[in-house]
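Survey of secondary and tertiary structure
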Amino acid sequence: MARGFLIESSGSLGDSIRSFCERLLKDGVLDVLLIPIDVNGFVFPGFVTGVEGVRYVKALSPYMPVNTAGILQKLTRISPPSKKLGVFLRPCEARAVVELVKLNQINLENIFVFSMDCLGTVDFEGYRKLVEDGADPEDPSIVFNYGLRDACKCCLHPVSPWADVRICFIGLNGSIAVEICSGKGEELFKDIGDLDFTSRENVLKNLINERISEERKLLEYQRKELRGHEKIIEILSPCIGCKNCMSVCPICYCRECFFNSTNFDMDADRYLSLAKSYGVLKMPSDTLLFHLTRMLHVAPSCVACGMCQEACPQNIPIFALFKATSKRVQDLFDYEPGRSVEEEIPVRTFQEDEFAHIQSSISK
Amino acid sequence: MDMKIIGFFCHWCTSTAADLAGTIREKYPSSIKPIRVMCTGSIDPIYILDAFLKGADGVWIGGCKPGECHYVNGNFKARRRIAIVKEILDVLGLDPDRIYLTWISASEGPQFAEWARRIDREIKEKGKNPIFGKIVS
């Protein structure tokens, strides 16, 4: 049985969230919030330190400019906060946080993860149009009128599998429930009771089934259209090597990227001899290697937030490739990124008896 | 046709086996280009991918038998990484079967030569790396 309490409604869902935030800060439950705020018509994660900042909160806006997990990574690199920080995240952000915690890149001391239900987000252009149209960005169903991002269309996690506290609104007929999901979350609130999530569970089940069929469509498309030597080279060749996809990716965990290092630096003559052996050599070089390496590094932990796709200036269908490869790798290890902080990342562990089909030895 | 097969061989086993194959005058194809590494667990898969993208027709990783790793469990870790590389190449349709992973211990010179001949033959049957002659980068 889910445990928690309902937030008193004060008008729209957005208003209810704002009054909840106000309560959190006023009662000293939390000292600071990191939550999506309105920044001149757009939405960005921002710190809210006092009640007067709460009016900027736009937590439910269907736009995700960056994956906030990356911000927490930067924030706690030297030391975690000394004050109680509540972080309001979308499920894909919360799942990325779990992966980064396991990679020792986020320290959750004094950080409380509030995961909000998410029906999906729109891209930059979509959100601009939404604002221009004067639509209410905090109406959860509005997102379907402006076209979900590819990543959201096939997202199987409208609710995060892990959080300290969940902010739930899907399937609750306009009310908002605060579900306590961890011991850390329990410390924050008194008056916790049982929540009736029967209708919510049904709504979620239908939603996820829809998403599963969308995911199947995308994987089918990748298998048919984005596969094979010719095709992979063709679709990745517009890459200009800007590495935007790498810098926005929350999972891309190397402290210093191999491709920013001098490891692959070569003498001019070596480039020329490579060009000679190929016939011609496209510059900047190693872009295909860059993407394949990134897939390799990211695949076990990819949360499919699709930020890479949004950041690509050349519109390379990179999300489909990452989704397809990471799905296969995660299925291989029966691993789901973001499911739990305790579960080991596949590459950090092994079993003595596995993958018999890829290895060979003549004598035992 | 001249094939290029890059071999990453563990110092403690397959590399020694390759040496032994030479010492006992077992012939193995010159398409195999051995690179000695300290452990299969020390091979960053990026070099496997790099070999393919720079025109290698096959990559052969040779390590100690499971349970016999000089560094306790390097070969188990390598096996997982190579499983991931193979899955990804399979999803992208980039011919994962050009990657070989074998366990050959230091005393198995003849077995090393046998594998070398077999891998050379299988790669020849597959033909040149399809990436060859395309504008890649």
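Coordinates for the structure precede this section.
These notes cover the structure that comes with them. (Residues numbered from 1 in each chain as written. Chains lettered and ligands numbered in written order. Predicted model: local features only at pLDDT ≥ 70, side-chain atom pairs only at ≥ 80, totals over all residues. Heavy atoms only, no water.)

**Remarks on the interface of chain B and chain A**
Heads up, the condition is: By definition in these notes, contact holds between two residues if any of their heavy atoms fall within 4.5 Å. Note: buried area is the sum, over both parts, of the accessible area (probe 1.4 Å) each one loses when the two are combined. Definition used for salt bridges: Asp or Glu carboxyl oxygen within 4 Å of a side-chain nitrogen of Lys or Arg. Polar contacts, as used here, are pairs of N or O atoms within 3.5 Å; protein pairs need one atom able to donate a hydrogen and one able to accept it. Residues neighboring in sequence count only if both atoms are side-chain atoms. Labels follow the DSSP assignment, with helices taken as runs of H or I lasting at least four residues and strands as runs of E lasting at least two, numbered in each case from the N terminus. We call Asp, Glu, Lys and Arg charged. Ala, Val, Leu, Ile, Met, Phe, Trp, Tyr, Cys and Pro are nonpolar, and the rest, Gly among them, are polar. For two strands to be treated as a pair, DSSP must find at least two bridges joining them.
With 43 residues of chain B at the contact, the number on the chain A side is 52 residues. A buried area of about 4,600 Å², summed over both sides, lies between chain B and chain A, and 67% of it is on carbon and sulfur atoms. The interface formed by chain B and chain A includes five salt bridges. Residue R328 of chain A pairs with E87 of chain B through a salt bridge whose shortest N-O separation is 2.7 Å. Counting the contacts that link chain B with chain A gives 12 residue pairs in polar contact (both at pLDDT 80 or more). Taken together, the elements giving at least two residues each to the side of chain B that touches chain A come down to α2 (45–53), α3 (74–91), β4 (99–103) and α4 (109–126) of chain B. Element by element, the count of residues in the side of chain B that touches chain A is highest for α3 of chain B, at 13 residues. Tallied by class, residues from the side of chain B that touches chain A come to 23 nonpolar, six polar and 14 charged. Examined bridge by bridge, strand β9 (residues 359–360) of chain A and β4 of chain B share two bridges and lie parallel to one another. Residue pairing for β4 of chain B: S360 of chain A is matched across the bridge by T102 of chain B.

**Looking at α4 of chain B**
Turn by turn, an α-helix covers 3.6 residues, leaving residues three or four places apart pointing in a common direction. Under the convention used in this document: Here the expected span of a helix is defined as 1.5 Å times the quantity of residues minus one. Exposed residues in this analysis have more than 50% of their type's maximum accessible area, buried residues have under 20%, and partly exposed residues fall in between, with area computed by a 1.4 Å probe over protein chains only. It is the directions from the helix axis to the C-beta atoms whose arc is reported.
Its 18 residues place the ends of α4 of chain B 26 Å apart at the C-alpha level, agreeing with the 26 Å of an ideal helix rising 1.5 Å per residue. Taken as a whole, α4 of chain B has its buried residues at G109, F112, A113, W115, A116, I119, D120 and I123 of chain B. The buried residues of α4 of chain B occupy one face: seen down the axis, they fall within an arc of 160°. If you follow the buried residues of α4 of chain B, they end up packed against β9 of chain A together with β1 (5–10), α1 (14–23), β2 (32–37), β3 (58–63) and β4 of chain B. Positive phi shows up at G127 of chain B, right after α4 of chain B, with a value of about 90°.

**Quick notes on the nonpolar core**
Put simply, the rule reads: Put simply, a nonpolar core is a bunch of buried Ala, Val, Leu, Ile, Met, Phe, Trp, Tyr and Cys residues held in one set by side-chain atoms that sit within 4.5 Å of each other.
If you look at the biggest cluster of nonpolar residues, it comprises 93 residues, and the most contacted ones within it are I48 and I61 of chain B. Every residue in contact with I61 of chain B, bar those within four places of it in the chain, is listed here: F8, T40, I43, I48, I82, I99, Y100, L101 and T102 of chain B.

**Topic: the packing of aromatic side chains**
All names here are of chain A. Definition in use: Each Phe, Tyr or Trp ring, with Trp reduced to its six-membered ring, pairs with another whose centre is within 6.5 Å; inter-plane angles below 30 degrees give stacked pairs, above 60 give edge-to-face pairs, and intermediate values give tilted ones.
Counting across every chain of the model gives 23 aromatic pairs over all chains. With a centroid separation of 5.5 Å and 70° between ring planes, the pair formed by F42 and Y63 is classed as edge-to-face. In this pair, F42 is assigned in strand β3 (residues 42–48) and Y63 in the loop between β3 and α2 (68–75), connecting sequence segments 21 residues apart. The pair formed by F42 and Y63 is uniform in burial state, with each residue classed as buried. The interplanar angle of 80° and the centroid separation of 6.5 Å between the aromatic rings of F114 and F189 together place this pair among those described as edge-to-face. With a gap of 75 residues between them, F114 in strand β5 (residues 111–116) and F189 in the loop between α6 (183–188) and β8 (193–194) connect regions that are remote in the sequence. Note on accessibility: F114 and F189 belong to one class, buried.

**Some details on the side chain of T325 of chain A**
Position of T325 of chain A relative to the elements: it lies in helix α13 (residues 318–332). A polar side-chain atom of T325 of chain A sits 2.8 Å from the main-chain carbonyl oxygen of L321 of chain A. Only 3.2 Å separates the side chain of T325 of chain A from the backbone oxygen of F322 of chain A, close enough to count as a polar contact. Apart from the residues within four sequence positions on either side, T325 of chain A is in contact with M295 and A299 of chain A together with I88, V91 and L92 of chain B.

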